[in-house]
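Spelled out, the chains give:
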Amino acid sequence: MATRTDRQSPTLHASDSHDLIRVHGARVNNLKDVSVEIPKRRLTVFTGVSGSGKSSLVFSTIAAESQRMINETYSTFVQGFMPTLARPEVDVLEGLTTAITVDQQRMGADPRSTVGTATDANAMLRILFSRLGEPHIGPPGAYSFNTASVRASGGITVERGAAKTRTVKATFNRTGGMCTRCEGRGSVSDIDLTQLYDDSKSLAEGAFTIPGWKSDSQWTVQVYAQSGFVDPDKPIRAYTKKELQAFLYGEPVKVKVNGVNLTYEGLIPKIQKSFLSKDKEAMQPHIRAFVERAVTFTTCPECDGTRLSEGARSSKIGRVSIADACAMEIRNLAEWVRGLDEPSVAPLLTALQQTLDSFEEIGLGYLSLDRPAGTLSGGEAQRVKMIRHLGSSLTDITYVFDEPTIGLHPHDIQRMNNLLLRLRDKGNTVLVVEHKPETIAIADHIVDLGPGAGSEGGTVCFEGTVEGLRAGDTVTGRHFDDRATLKESVRKPTGALEIRGASAHNLRDVDVDIPLGVLTVVTGVAGSGKSSLVHGSVPAGENVVSVDQSPIKGSRRSNPATYTGLLDPIRKAFAKANGVKPALFSANSEGACPTCNGAGVIFTDLGMMAGTSTTCEDCEGKRFDSSVLEYHLGGRDISEVLAMSVAEAEEFFGAGEARTPAAHRILGHLADVGLGYLRLGQPLTTLSGGERQRLKLATHMTEKGGVYVLDEPTAGLHLADVRQLLGLLDRLVDSGKSVIVVEHHQAVMAHADWIIDLGPGAGHDGGRIVFEGTPADLVANRSTLTGEHLAAYVGA
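This is a predicted model, so every value here is computed, not measured.

Novice: Even after reading the chapter, I still don't get the overall build of the chain, so can you show me in this structure?
Specialist: In terms of regular secondary structure, the chain is built from 28 helices and 27 strands. Its C-alpha atoms give the chain principal-axis dimensions of roughly 95 × 80 × 70 Å. In the chain, the share of contacts with a sequence separation of at least 24, taken over all contacts with a separation of at least 6, comes to 66%. Accessible area for the chain stands at about 37,500 Å²; split by element, carbon and sulfur atoms hold 49% of it. When the 83 positive and 94 negative side-chain charges of the chain are each reduced to one mean point, those points stand 5 Å apart.

Following this line, the structure appears as structure tokens:
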């Protein structure tokens, strides 16, 4: 028998020479002709200050081109149904493999989306109950809260042969698991009428308290006043039953107002269409505040929040219904599934067991399958997306992660590191964008971008090993071993915010006094109840300003100037200086270039192929009509002002002819949060995650709140930027504010005046206060996981 000897051959096979991903001349966003060589089947970490170009290189260049080339392997017919991707601006990309991107994008906030539906665990559970549940109620759809029960009957026409047709009576019946009362949402909404109008006033007296509804000029209000259904001069509380019904619930009808035909409909459906059908996060802050005041959500009384019909809840395996199974912590559910012994569904039980065990392995065993997907933090969402890849048999894949340690306690970071190393050891290429030194330290290869952010970044400052980075003279290398020290003296509180009997989610009747007038850090392992305590129990009011991790919504027309409201005083200043209307200085209004409609580029749709965009020849990308650019303020036109960085604009609007105090104040806040390098007209879609969060913080700094609640403000921040953030927090406290921070970063813990530590574990094992006191006391006691890690961090 012939024997194979090629495996022992010392000569290198030609295919083994392709062990690098080569990038040459990358110019996406702020990248400046970047060229790098990334080793395959290794763990490569990309570092650099926020906005230095890490995501542009990893996601917008390498991962995007890999996805585009895979899409091109499909037929043009199939490509017509797929998103079209343009080729990244890069000269050469070689050695790419199939890329799987696991990013920080929050999961959709659809009320029907849960952890179970997002991970296929629910689908497997539904099949399991349809096979083993007693009494048997139907197929898997009968256990789905997204499937409604449908019944229909009637005549259908059947065509047979050339001209033979006959009508046949047919019935259709489908059993679904959706609760009919809440339609599978688990909660029902109610509108608080007192937030819509003042019933002691008439419409003519301005009874409406809805933002933007003015009685004198607003068309919507005039429709109600002149509809003929109600008396505009009578107080609303004096309406007859018929008038109130028409006012609140009237069907849409045409009415004539000042000679114009308009549609009248009741106030409740009008509010539902105008406000409640829109994404709350995309609303302006004052509109969002109104919706939060006006709409109350209560648990559905019919299904008790389970989303499921009575039939689905009645079918059980043993004593457990599918609603009970989804409400269990996943680690407990895994134990229950492990105890089922039914050969007829053995393959299904094995697959379900592997999925549930992956949750526990990745540190999410404290979640339940019925947890709404929209309530997961960015870090939790990213780890949930990792689950389907952990048991994969695929190798030679490129996995791309965006700060996988976000939202992780130092205790959990080691577990995440082990997962990254495990993916690498299976023969995969792992690319990680990361700021945490614990993860940078395990890298096989490091690419450090910088030296600064925005236009000051976009170049490779260092390539090599961790030891080389430490010894190198880059921003990351110099700050790699930075350690904050405990403060010698802490501030004295001026009062306390009392929380009594907090029981949201996993909190166990918590009583705690949060000191005011100081920097308070709330910490604990992921899932211990930090957000439930701070966001769910701190009383919301005009005095509380909350900056959470919800993403910024904005199109490519949105920029820092429009998002922060900075453009309003700038437009007014231009209009006043030139004696014209402010609308001329808006690229989304009268001042827009007519050729590109203010976009600055012309988009050409090429059908199934990737569309192209070219700079508008008429405005040369400036977005404004040429006549608008003839108006100047301080010697600059509006396009030149929008091309300025925040630092330049702060100086420009601070003195001289262009002095505009309102604009200067907003620019000062942007500079305070470390965004001095951003251009005013830079599209929001080009900002990194850390930049977006700091932009949101800057907008909230204009609000007159006494208590600031921040949720992991170090997310996406480079080691060098954390020091600047600490200075900002100090300035807020020293100006008389109270700052409450939910945070895992040890530098912020060490800098705190007071620490509240929750735990000791996650889920049912958490929800209790395990420590209250100063950072020095926490380090001295070392009685909690946080205390141990903080003591190791400060070298105590």
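Novice: In this structure, what is going on with the packing of aromatic side chains? I would like to understand it.
Specialist: Aromatic rings considered in pairs are described by the distance between their centres and by the relative angle of their planes. The tally for this structure, following the rule as stated, stands at 14 aromatic pairs. The interplanar angle of 75 degrees and the centroid separation of 5.8 Å between the aromatic rings of tyrosine 224 and phenylalanine 247 together place this pair among those described as edge-to-face. Taken together, the residues tyrosine 224 in helix 5 (residues 219-225) and phenylalanine 247 in helix 6 (residues 241-249) connect sequence positions 23 residues apart. Residue tyrosine 224 is classed as buried on the basis of its relative accessible area, which comes to 2%. Geometrically, the ring pair formed by phenylalanine 585 and tyrosine 631 is edge-to-face, given 6.0 Å between the ring centres and 70 degrees between the ring planes.

Novice: I would appreciate a short explanation of the packing of helix 11 (residues 330-338) against helix 12 (residues 346-361) in the present structure.
Specialist: Any two packed helices are characterised by how steeply their axes cross, that is the angle between the axes, and by the distance between the axes. Direction vectors running N to C along helix 11 and helix 12 enclose 155 degrees, while the axes themselves pass 9 Å from each other. Relative to helix 12, the element helix 11 is oriented roughly antiparallel. The handedness of the crossing between helix 11 and helix 12 comes out as left-handed. For the pair helix 11 and helix 12, contact is made by Ile330, Arg331, Leu333, Ala334, Val337 and Arg338 and by Leu349, Leu352, Gln353, Leu356, Asp357, Phe359 and Glu360, respectively.

Novice: Mind showing me how you'd approach the environment of serine 783 here?
Specialist: With respect to the secondary-structure elements, serine 783 resides in the loop between helix 27 (775-781) and helix 28 (785-794). Measuring from C-alpha to C-alpha, the distance between serine 783 and lysine 256 comes to 73 Å, with 527 residues separating the pair along the chain.

Novice: Hey, could you run me through the pattern of salt bridges in this one?
Specialist: Pairing is possible between side chains of opposite charge, provided their charged atoms come close. Applying the stated criterion to the full structure yields 29 salt bridges. The shortest N-O distance in the salt bridge between glutamate 89 and arginine 27 comes to 3.6 Å. Residue glutamate 89 is found in the loop between helix 2 (76-79) and strand 4 (92-94), and its partner arginine 27 is found in the loop between strand 1 (20-26) and strand 2 (34-39); the two are separated by 62 residues along the sequence. Since its relative accessible area comes to 28%, arginine 27 is described here as partly exposed. Among the salt bridges present, the one from arginine 731 reaches aspartate 672, with a minimum N-O distance of 3.8 Å. One end of the pair, arginine 731, is in helix 25 (residues 719-734); the other, aspartate 672, is in helix 23 (residues 661-672), with 59 residues separating them in the sequence. Owing to a relative accessible area of 43%, arginine 731 belongs among the partly exposed residues under this scheme. Each of Lys487, Arg491, Asp730, Asp734 and Asp753 takes part in one network of salt bridges that share partners.

Novice: I keep staring at the confidence of the model for the chain and nothing clicks. Help me out?
Specialist: In low-pLDDT regions, the fine details of the predicted coordinates are not to be read closely. With 93% of its residues at a pLDDT of at least 70, the chain reaches an overall mean of 87. When mean pLDDT is taken per element in the chain, strand 3 (residues 43-47) scores highest with 97 and strand 23 (residues 612-615) scores lowest with 76. Here residues 1-9 is modelled with pLDDT under 50, and outside its nearest four sequence neighbours on either side it reaches zero contacts, counting other chains as well.

Novice: What should I look at first to understand the sheet that holds strand 26 (residues 754-759) in this one?
Specialist: Consider a sheet: its strands pair through backbone hydrogen bonds, and that pairing is either parallel or antiparallel. What the six strands build is an open sheet, ordered 21-24-25-20-26-27; its pairing is mixed. Of all strands in the sheet, those with a lone pairing partner are strand 21 (544-547) and strand 27 (768-773), marking the two edges. Going from strand to strand, the sheet's axes swing by 15 degrees on average, the running direction of each strand aside. With four bridges connecting them, strand 20 (residues 519-523) and strand 25 (residues 738-742) associate as parallel partners. Across the sheet, the residue bridging to valine 521 is valine 741, located in strand 25.

Novice: Teacher, can you tell me more about the pairing of strand 15 (residues 429-433) here?
Specialist: Each regular strand shows side chains that alternate between the opposite faces of the sheet. Of all the five residues making up strand 15, five are buried; the element is thus mostly covered by neighbouring parts of the structure. Here strand 15 shows no split at all, with Thr429, Leu431 and Val433 on one side and Val430 and Val432 on the other all buried. Pairing of strand 3 with strand 15 involves four bridges; the strand directions are parallel. The residue bridging threonine 44 from the neighbouring strand is leucine 431, located in strand 15. Relative to strand 15, strand 14 (residues 398-402) is paired through five bridges, and the arrangement is parallel. Bridged to tyrosine 399 within strand 15 is valine 430. After leaving strand 14, the chain enters helix 14 (residues 410-425) and then returns to the sheet as strand 15, a path that is right-handed.

Novice: Can you walk me through the sheet that holds strand 2 in this structure?
Specialist: The sheet built from three strands is open, its strands ordered 2-1-4 with antiparallel pairing. Since the sheet does not close on itself, it has two edges, and those belong to strand 2 and strand 4, each with one partner. On average, each strand axis in the sheet is tilted by 10 degrees relative to the strand beside it, whichever way the strands run. The pairing of strand 1 with strand 2 spans five bridges and is antiparallel. Directly across from isoleucine 21, in strand 2, lies its bridge partner isoleucine 38.

Novice: Would you mind going over the side chain of threonine 699 with me for this structure?
Specialist: Along the chain, the position of threonine 699 falls in helix 24 (residues 689-700). The buried category is assigned to threonine 699, whose relative accessible area is 17%. Among the polar contacts listed, one links the side chain of threonine 699 to the backbone oxygen of lysine 696, at a separation of 2.6 Å. Filtering out sequence-adjacent residues up to four positions away, threonine 699 remains in contact with Tyr563 and Thr564.

About the cut-offs
Residues numbered from 1 in each chain as written. Predicted model: local features only at pLDDT ≥ 70, side-chain atom pairs only at ≥ 80, totals over all residues. Heavy atoms only, no water. Helix = DSSP H or I, 4+ residues; strand = E, 2+ residues; numbered from the N terminus. Contact = heavy atoms within 4.5 Å. Areas by Shrake-Rupley, 256 points an atom, 1.4 Å probe, with all protein chains shown as cover. Lys, Arg positive; Asp, Glu negative; His and termini not counted. Charge placed at Lys NZ, Arg CZ, Asp CG, Glu CD. Phe/Tyr/Trp six-rings, centres within 6.5 Å; stacked < 30°, edge-to-face > 60°. Buried < 20%, exposed > 50% of the residue type's maximum accessible area, 1.4 Å probe, protein only. Axes fitted to C-alpha atoms, helices over the stretch in contact; angles between N-to-C directions. Parallel < 35°, antiparallel > 145°, perpendicular 65-115°, else oblique. Left-handed = near helix turned anticlockwise from the far one by under 90°. Salt bridge = Lys/Arg side-chain N within 4 Å of Asp/Glu carboxyl O. pLDDT = per-residue confidence, 0-100. Pairing = 2+ DSSP bridges. Right-handed = clockwise from strand over helix to strand, strands pointing away. Polar contact = N/O pair within 3.5 Å; in protein donor to acceptor, adjacent residues only side chain to side chain.

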